[in-house]
Amino acid sequence: MLNKGLRDEKKVKIDNMLSTLLSLVFVPKFWNIEDTSLIDSQLTDFDLTTVILHQIEEKDLIQLLDKYEMDWTQKEQFADFLIAYSKSNQCDFLEKAIAIYNHIQIDSKTFSFEIIGKIAAAKEKSQ
């Protein structure tokens, strides 16, 4: 019973971090150092920064997300963050987002038209 409570607490914490990341990205900004430091401060809870995001391989990023026991929805939200951050900044995390979406589609063993649509949209943007 104690483990379920800890897992629920951990899930809520991850959900809050992802919500904050998404809210930071969707607010129009000029992406100065202060803005990226707000993103970095949220990413540090996942042992990430924007610099590490640039350098990390897709498979290593997915393993990191697995390490934090993110569920499929949380992984999808993280990929959504990567897409939004790529759109509003000079960074290009589209390939990482596509890798996460593909991971969700294959490993969740649940077919999702929404994920397929997100993969197609991200691939279109990356070309």
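Here, the structure is the one placed above.
This one's a predicted model, so the numbers in the text were calculated from it and none came from an experiment. Starting afresh in each chain, residues are numbered from 1 along the sequence in its written order. Where totals are concerned, whole chains, interfaces and linings use all residues; where local detail is concerned, this predicted model gives features only for residues with pLDDT of at least 70, and gives and counts side-chain atom pairs only at 80 or more. Where side-chain values are given, they derive from all heavy atoms of the structure, hydrogens and water being excluded.

Caption draft 1: Geometry of the nonpolar core. Core analysis: the largest hydrophobic core is formed by 38 residues, its most contacted members being F46, L48, L53, F78, F81, L82 and I100. Put simply, the parts of the chain that give this core at least two residues each are α1 (2-26), α2 (33-43), α4 (58-67), α5 (72-88), α6 (94-107) and α7 (113-126). Among the buried residues, those of types Ala, Val, Leu, Ile, Met, Phe, Trp, Tyr and Cys that are joined through side-chain atoms within 4.5 Å form a nonpolar core. Burial here depends on accessible area, computed with a 1.4 Å probe over protein chains only, as a share of the maximum for the residue type. Under 20% is buried, over 50% is exposed, and the range in between is partly exposed. Runs of H or I in DSSP of at least four residues are treated as helices and runs of E of at least two as strands, each being numbered from the N terminus.

Caption draft 2: Seen up close, α6. Look at α6: 20 Å from first C-alpha to last across 14 residues, which is about the 20 Å you get at 1.5 Å a residue. With 10 of its 14 residues buried, α6 lies for the most part within the structure. All of the buried residues in α6 are L94, K96, A97, I98, A99, I100, Y101, H103, I104 and Q105. A positive phi of about 60 degrees marks K109, the residue just after α6. How far a helix is expected to stretch is found by multiplying one less than its residue total by 1.5 Å.

Caption draft 3: View of the pattern of salt bridges. We define a salt bridge as a side-chain nitrogen of Lys or Arg found within 4 Å of a carboxyl oxygen belonging to Asp or Glu. All told, the structure shown has nine salt bridges when counted by the stated rule. D66 serves as the salt-bridge partner of K75, at 2.2 Å between the closest nitrogen and oxygen. As a salt-bridge pair, K118 and D80 come within 3.0 Å of each other at their nearest N and O atoms. Of this pair, K118 sits in helix α7 while D80 sits in helix α5; the two residues are 38 residues apart in sequence, bridging distant segments of the chain. What you see here is one network of salt bridges that share partners, running through E76, D80, E114 and K118.

Caption draft 4: Looking closely at the packing of aromatic side chains. The aromatic pairing rule takes the rings of Phe, Tyr and Trp, using the six-membered ring of Trp, and pairs them if the centres are within 6.5 Å, calling planes under 30 degrees apart stacked, those over 60 edge-to-face and the rest tilted. Across all of its chains, the model carries six aromatic pairs by this definition. Ring centres of F46 and Y68 lie 5.8 Å apart, and the angle between their planes is 80 degrees; on these two criteria the pair is classed as edge-to-face. Taken as a pair, F46 in the loop between α2 and α3 (50-55) and Y68 in the loop between α4 and α5 lie far apart in primary sequence, 22 residues in all. With centroids separated by 4.9 Å and ring planes inclined at 85 degrees, the aromatic side chains of F111 and F113 adopt a geometry described as edge-to-face. Here F111 and F113 have matching classes, each one exposed. An aromatic cluster is defined as three or more aromatic residues linked by ring pairs; in this entry it consists of F46, Y68, F78, F81, Y85 and F93.

Caption draft 5: Representation of a nonpolar patch on the surface. Nonpolar side chains (Val, Leu, Ile, Met, Phe, Trp, Tyr) within 5 Å and like charges within 9 Å form the patches, drawn only from residues with over 30% relative accessible area and no salt bridge. Throughout, the Shrake-Rupley method with a 1.4 Å probe supplies accessible areas, and for residues the shown protein chains are the sole cover considered. Together, F111, F113 and I116 make up a nonpolar patch on the protein surface, roughly 370 Å² of accessible area in all. For F113, the location among the structural elements is in helix α7. When its relative accessible area of 69% is taken as the criterion, F113 is described as exposed.

Caption draft 6: A look at the packing of α6 against α7. Axes, fitted as lines to C-alpha atoms, cover a helix only where it is in contact. Angles between the N-to-C directions of the axes lie from 0 to 180 degrees. Where α6 contacts α7, the two axes come as close as 9 Å, and the packing angle between them is 160 degrees. In terms of axis orientation, α6 runs roughly antiparallel to α7. For the crossing formed where α6 meets α7, the hand is left-handed. Of α7, the residues touching α6 (which contributes L94, E95, I98, Y101, N102, I104 and Q105) are I115, I116, K118, I119, A122, K123, K125 and S126. For the contact of α6 with α7, the class distribution of residues is eight nonpolar, three polar and four charged. We call two directions roughly parallel when the angle between them is under 35 degrees, roughly antiparallel when it is over 145, roughly perpendicular when it lies between 65 and 115, and oblique otherwise. Take the far helix as the reference: if the near one is turned anticlockwise from it by less than a right angle, the crossing is left-handed, and if turned clockwise, right-handed. Here a residue-residue contact requires only that any non-hydrogen atoms of the pair lie within 4.5 Å. When residue character is reported, Ala, Val, Leu, Ile, Met, Phe, Trp, Tyr, Cys and Pro are called nonpolar, Asp, Glu, Lys and Arg charged, and the others, Gly included, polar.

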